[in-house]
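Commentary on secondary and tertiary structure
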Amino acid sequence: MKVLEKKITVTNARGVHSRVATRLAMIAREHHVGLRIIHGPDCIDAASILDVLGLALVCGSKVTVRIEGERGAVEPAMAAVRLGLTAQDES
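The text that follows walks through the structure, step by step, so that each part is easy to find. (Residues numbered from 1 in each chain as written. Predicted model: local features only at pLDDT ≥ 70, side-chain atom pairs only at ≥ 80, totals over all residues. Heavy atoms only, no water.)

Next up on the list: the packing of helix α1 (residues 18-31) against helix α3 (residues 71-86). Close contact between α1 and α3 brings their axes to 10 Å; oriented N to C, the two are set at 175°. On the basis of their axis angle, the class for α1 and α3 is roughly antiparallel. When α1 is examined against α3, the residues V20, L24, I27 and H31 are found in contact with a partner set consisting of A73, P76, A77, A80, V81, G84 and L85. Classifying every residue of the contact of α1 with α3 by side-chain character gives nine nonpolar, two polar and no charged. (Axes fitted to C-alpha atoms, helices over the stretch in contact; angles between N-to-C directions. Helix = DSSP H or I, 4+ residues; strand = E, 2+ residues; numbered from the N terminus. Parallel < 35°, antiparallel > 145°, perpendicular 65-115°, else oblique. Contact = heavy atoms within 4.5 Å. Nonpolar A, V, L, I, M, F, W, Y, C, P; charged D, E, K, R; others polar.)

Shown next as structure tokens:
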């Protein structure tokens, strides 16, 4: 079991909305990892879309992402999470 933790700044202009929250839950499921997002005093399981939305993350929010899982799964999962939190929405 490996744990990977990174600080990420949300740069998506619309923040973390329902599409991003759904994608985070899918990343955890697809990679078979535990995915937690820490923002201030809150530490939530990203498998819960409502908990992710409850963080009310806007552009510029700083979070810590903690991923736990098998050695070969955590790095690709972190890359996918980073892309989801920093990618710009298509217009």
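Bringing unusual backbone geometry into the picture now. The backbone of H32 shows a phi angle near 55°, a positive value even though the residue is not glycine. The backbone phi angle of A56 is positive, close to 50°, even though this residue is not glycine. For A56, the location among the structural elements is in the loop between α2 (49-54) and β4 (62-69). Judged by relative accessible area, which is 54%, A56 ranks as exposed. (Buried < 20%, exposed > 50% of the residue type's maximum accessible area, 1.4 Å probe, protein only.)

In short, geometric facts, not functional conclusions.
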